[in-house]
Amino acid sequence: MTVTIYHNPACGTSRNTLALIRNSGEEPTIIEYLITPPSRTVLIQLIKDAGLAVRDAIRQKGTPYAELRLDNPALDDATLIDAMLAQPILINRPFVVTEKGTRLCRPSELVLDILSNPQQGAFAKEDGEIVIDAKRKRVI
């Protein structure tokens, strides 16, 4: 199985998602999208495959979202995509692609729905929240 994560190592949700992938025994392809942003075609496909509207794929917190006035409902999808490509920090994260589908993994445990392999052990998020118990069962 090939797993790809569009990752921001500074993001706790992205780190937790990556750790859950690794806890399933997979070593994913990691694309640090702030360094290597997706192409327009790939970004549009990620959003579509995840079943999201373009606006749902934009990160507002900690980005220039407000100063760019991207909350303007008159802006079309192409304009929003242009902004995301010009400033990749606007791309919400992490997107994960597997043979079972594509998800924007917010919260991180959404990745469990698209991993083929079961979790190999207990797992708690960085904040201590238990996701997988000692019997390797999903808690949340």
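Quick note: structure is the one above.
Not measured: the values here are computed from a predicted model.

Asker: Report on the side chain of glutamate 109, specifying residues and quantitative values.
Answerer: Looking at where glutamate 109 falls in the secondary structure, it is placed in the loop between β4 (101-104) and β5 (123-124). You can call glutamate 109 buried: its relative accessible area is 8%. For glutamate 109, the contacting residues outside a window of four places in its chain are Leu20, Lys125, Val131, Arg138 and Ile140.

Asker: Report on the pairing of strand β2 (residues 29-32), specifying residues and quantitative values.
Answerer: Residues in a regular strand point their side chains to alternate faces of the sheet. In the sheet, strand β1 (residues 4-7) pairs with β2 via four bridges, with the strands oriented parallel. Each residue of the ladder has a partner; that of isoleucine 5, found in β2, is isoleucine 30. In this fold, the crossover linking β1 to β2 by way of helix α1 (residues 12-23) has right-handed handedness.

Asker: Could you give me a rundown of the packing of helix α2 (residues 40-49) against helix α3 (residues 77-86), with the residues and numbers involved?
Answerer: For the pair α2 and α3, interaxial distance at closest approach is 11 Å and the crossing angle is 115 degrees. In the packing of α2 onto α3, the handedness of the crossing is right-handed. Across the interface between the two elements, Arg40, Leu43, Ile44 and Ile47 from α2 touch Ala78, Ile81, Asp82, Met84 and Leu85 from α3. Residues of the contact of α2 with α3, tallied by class, amount to seven nonpolar, no polar and two charged.

Asker: Summarise the nonpolar core; cite the residues concerned and give the values.
Answerer: Counting 19 residues, the largest nonpolar core has Ile47, Met84, Leu90 and Phe95 as its most contacted members. Sorting the residues of this core by element identifies α2 and α3 as the ones contributing at least two each. The biggest single contributor to this core is α3, with four residues. Residues Val111, Leu112, Leu115 and Phe123 belong to the second largest nonpolar core, which totals 14 residues.

Asker: Which residues make up α1, and what values go with them?
Answerer: Owing to its 3.6 residues per turn, the α-helix aligns residues three or four sequence positions apart on the same side. In a regular helix each residue adds 1.5 Å, so 12 residues correspond to 16 Å; α1 covers 16 Å between its end C-alpha atoms and thus fits that length. All of the buried residues in α1 are Ser14, Asn16, Thr17, Leu18, Leu20, Ile21 and Asn23. Those residues of α1 that are buried are in contact with β1, β2, β3 (95-98), β5 and β6 (130-132).

Asker: I'd like to hear about a nonpolar patch on the surface, residue by residue, with values.
Answerer: The grouping of Ile130, Val139 and Ile140 at the surface amounts to a nonpolar patch, some 240 Å² of accessible area in total. Tracing the chain through its elements places isoleucine 130 in strand β6. Relative accessible area serves as the criterion here: at 47%, isoleucine 130 is assigned to the partly exposed category.

Asker: Provide a residue-level description of the environment of alanine 124, including the pertinent values.
Answerer: The topology assignment puts alanine 124 in strand β5. For alanine 124 and alanine 19, which are 105 residues apart along the polypeptide, the C-alpha to C-alpha distance reads 9.5 Å. If sequence neighbours within four positions are ignored, alanine 124 has contacts with Glu129, Ile130 and Val131.

Asker: Can you explain the sheet that holds β1? Please cite residues and give values.
Answerer: The four strands are arranged β2-β1-β3-β4 in an open sheet whose pairing can be described as mixed. The two strands at the open ends of the sheet, each matched to only one other strand, are β2 and β4. Pairwise comparison of adjacent strand axes, ignoring direction, gives a mean angle of 15 degrees for this sheet. The sheet contact formed by β3 and β4 spans four bridges and is antiparallel. Across the sheet, threonine 98 pairs through a bridge with glycine 101, a residue of β4. Contacting β1, β2 and β3, α1 runs over the sheet at an angle of about 160 degrees to β1. Of the strands in this sheet, β1, β3 and β4 touch α2, which is tilted by about 80 degrees from β3.

Conventions used here
- Going along each chain's sequence as written, the residues are numbered from 1 onward.
- Where totals are concerned, whole chains, interfaces and linings use all residues; where local detail is concerned, this predicted model gives features only for residues with pLDDT of at least 70, and gives and counts side-chain atom pairs only at 80 or more.
- Note that water and hydrogens are dropped before the side-chain values are worked out from all heavy atoms of the structure.
- For helices the rule is a DSSP run of H or I covering at least 4 residues; for strands it is a run of E covering at least 2, with both sets numbered from the N terminus onward.
- Relative accessible area decides the class of each residue, using a 1.4 Å probe on protein chains only: under 20% of the type maximum gives buried, over 50% gives exposed, and in between gives partly exposed.
- Here, two residues are considered to be in contact whenever any of their heavy atoms come within 4.5 Å of each other.
- Strands are treated as partners if at least two bridges between them are detected by DSSP.
- A crossover gets the label right-handed when its path from the first strand over the helix to the second runs clockwise, viewed with the strands pointing away from the viewer.
- Lines fitted to C-alpha atoms define the axes here, with helix axes fitted over just the stretch in contact, and angles between the N-to-C directions of these axes take values from 0 to 180 degrees.
- Two helices crossing with the near one rotated counterclockwise from the far one by less than a right angle form a left-handed crossing, whereas a clockwise rotation gives a right-handed crossing.
- Three categories are distinguished: nonpolar for Ala, Val, Leu, Ile, Met, Phe, Trp, Tyr, Cys and Pro, charged for Asp, Glu, Lys and Arg, and polar for the others, with Gly belonging to the last.
- Here, nonpolar core refers to any group of buried Ala, Val, Leu, Ile, Met, Phe, Trp, Tyr and Cys residues whose side-chain atoms link them within 4.5 Å.
- One less than the residue count of a helix, multiplied by 1.5 Å, gives the span that helix is expected to have.
- Only residues above 30% relative accessible area that lack a salt bridge enter a patch, with like-charged residues linked at up to 9 Å and the nonpolar side chains Val, Leu, Ile, Met, Phe, Trp and Tyr linked at up to 5 Å.
- Accessibility throughout is a Shrake-Rupley quantity obtained with a 1.4 Å probe, and a residue counts as covered only by protein chains that appear here.
- The salt bridge criterion pairs a side-chain nitrogen of Lys or Arg with a carboxyl oxygen of Asp or Glu, the two atoms within 4 Å.

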